[in-house]
Amino acid sequence: MEFVEIRVDSRLLARCRWRFHFLSLSSGEPHPLAAEFTLSDPPHDYRESTDLQLLVAGNYVAALLSTYHLTVCNWKTGQTVLVSLGTYS
Amino acid sequence: MAFLPENRILVASHSTDLVCAQVPDSIASGPVLAVFNLHAIPLTGDQQVTQTPVAMFGLGFDTIDMHLHYRPNTHSYSPEVVVPFFSSPADHIIALETTNELVTPRGLGTIRALRDIVLIPIVKLLYHVGTAEKEGTCCFVQWDDWGATGICRLPAPPPSLCRNGVSGSQFIPYSESCGVIDVCDFSHAQARVAQLQTSVLESVPCARKEVHLPAGILSSATAALSEDAIVIHEASIVAPSIYPLIYIQLIYIHRNSLPRKRRGFIFSSSKISSASVKQDALWRSLCI
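Please read these numbers as outputs of a predicted model, since none were measured by experiment.

Turning to the overall build of chain B, a few remarks are in order. Tallying secondary structure elements over chain B gives 4 helices and 18 strands in all. Each of the 288 residues in chain B was classed as buried or not, and the buried ones make up 33%. Partitioning the contacts of chain B with sequence separation of at least 6, the portion at a separation of at least 24 is 61%.

This brings us to the nonpolar core. Looking at soluble globular proteins, one finds that nonpolar side chains tend to be buried together. Residues and elements named next belong to chain B. Counting 71 residues, the largest nonpolar core has Ile9, Leu10, Val35, Ile93, Ile94, Ala95 and Leu119 as its most contacted members. Residue-level mapping places this core at the junction of two domains, with at least three residues from each of domain 1 (2-219) and domain 2 (228-288). When near neighbours in sequence (up to four residues on either side) are disregarded, Leu10 contacts Met1, Ala2, Leu4, Leu33, Val35, Leu68, Ile94 and Leu125.

For the rest of this paragraph, the subject is unusual backbone geometry. Residue and element names in this part refer to chain B. Of note in the backbone geometry, Glu6 takes a positive phi value of approximately 60° without being a glycine. By the element assignment, Glu6 lies in the loop between β1 (2-4) and β2 (8-14). Positioned with a positive phi, Asn7 is a non-glycine residue whose angle comes to about 55°. Inspection of the secondary structure assignment puts Asn7 in the loop between β1 and β2.

What follows deals with the sheet that holds strand β5 (residues 69-74) of chain A. Residue and element names in this part refer to chain A. If you walk across this open sheet you meet the 4 strands as β3-β4-β5-β6, and the pairing is antiparallel. Looking at which strands have only one partner, the edges of the open sheet turn out to be β3 (52-57) and β6 (80-85). Between one strand and the next, the sheet's axes are offset by a mean angle of 10°, whatever the strand orientation. Note that β3 and strand β4 (residues 60-65) share 6 bridges and pair antiparallel. In the sheet register, Val56 faces β4, and the bridge partner there is Val61.

Our focus in this paragraph is the environment of B:Gln170. All names here are of chain B. For Gln170, the position within the fold is in strand β11 (residues 170-171). For the pair formed by Gln170 and His92, sequence separation is 78 residues and the distance between their alpha carbons is 7.8 Å. Excluding anything up to four places from it in sequence, Gln170 contacts Val183, Cys184, Asp185 and Leu225.

If you look at the interface, chain A gives 19 residues, while chain B gives 23 residues. Within the residue set of the side of chain A that touches chain B, elements represented by two or more residues are β3, β4, β5 and β6 of chain A. Per-element tally for the side of chain A that touches chain B: the top contributor is β6(A), with 6 residues. Taken together, the residues of the side of chain A that touches chain B break down into 12 nonpolar, 7 polar and no charged.

In this section: the sheet that holds strand β10 (residues 166-167) of chain B. All names here are of chain B. The strand order across the open sheet formed by 4 strands is β10-β11-β12-β13, and the pairing between neighbours is antiparallel. Of all strands in the sheet, those bounded by a partner on one side alone are β10 and β13 (207-212). Bridge count for β10 against β11 is 2 bridges, and the pairing is antiparallel. Bridge pairing in β11 places Ser167 opposite Gln170.

So, about the environment of B:Gly150. Residues and elements named next belong to chain B. When you line up the elements, Gly150 lands in the loop between α3 (143-146) and β9 (152-155). For Gly150, a count of 23 C-beta atoms within 10 Å translates into the label buried. For the pair formed by Gly150 and Ile120, sequence separation is 30 residues and the distance between their alpha carbons is 7.7 Å.

Each value, and the rule that gives it
Residues numbered from 1 in each chain as written. Chains lettered and ligands numbered in written order. Predicted model: local features only at pLDDT ≥ 70, side-chain atom pairs only at ≥ 80, totals over all residues. Helix = DSSP H or I, 4+ residues; strand = E, 2+ residues; numbered from the N terminus. Buried ≥ 20, exposed ≤ 12 C-beta atoms within 10 Å, placed from the backbone. Contact = placed C-beta atoms within 7 Å. Core = buried A, V, L, I, M, F, W, Y, C linked by C-beta atoms within 7 Å. Domains from an automatic or database assignment. Pairing = 2+ DSSP bridges. Axes fitted to C-alpha atoms, helices over the stretch in contact; angles between N-to-C directions. Nonpolar A, V, L, I, M, F, W, Y, C, P; charged D, E, K, R; others polar.

Here it is in structure tokens:
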């Protein structure tokens, strides 16, 4: 079974772009099955939010900024499968 | 948010934020749980689409904040494999942590946060979602039709316990008892599926068991629950008159799956660190 780790680079907030890294826990290297994609950047006010929630289940990864935006992607294909606004949790 | 079986996702939101036509007035302005089917529309590249939920579950109360907690069993087994301490996916529960504000009377203006936990058998949600998916339309389910019976509502434990206190069909509720951790087991919740339409006000049944902590553990210890174990973390200051302060962090693990005679806290690790110098490298393990 493969596992996925996701890291969010939040340095240089004013100019930062979010990057999601999908790593293999068995090797620590970039996961060979992960697609390259980037999610839309949130407004500046949300970029340093500590409320970012990430959840992985199977092929899906969900990224939620509480009360603002939920995006669900297939991390193997890069497809965005769901966008929902205003989600709390 | 919580991923549900068969590529669905459950979110807590407000109906006004969701794309759904003809929302009934009864849930139009209130908090809801919404289920999306991730199969519905495959997209490519940067294309993004705001989807319509498959089902929306109205909450019969107002809340200013919501958090969903759900942790399925880490390992999956086929139904033919009997693992005594693993609950069936049909037994799993979802915990909805809600926060509300209570303004004290007489206009004093003091606001207290009231936190509750609503424990929902996953089969209750999937029952309605399955019906909605067959009909192919967004299904609106009002609180009285799904949540007024067959759920369990409890005072919320501290936030750290809400996050880590749910596993499969088990939950660690708020407890005022020192030295004891209660564990609620809802593993027979699916027996209520056939009675979902009943109008009897009744909480979903659960079995409660007590785990007695080793002597000396403070009530401020935090705990995390997994399929067959409770992990307890305790941080305490020893010799507070000495500088730098010495912190001892103890981790206890209680496993339910051991034979009855060997049950109890079987293992602990301790971490010692000082306030002025990071000495986090010192770890030791011992059997107790």
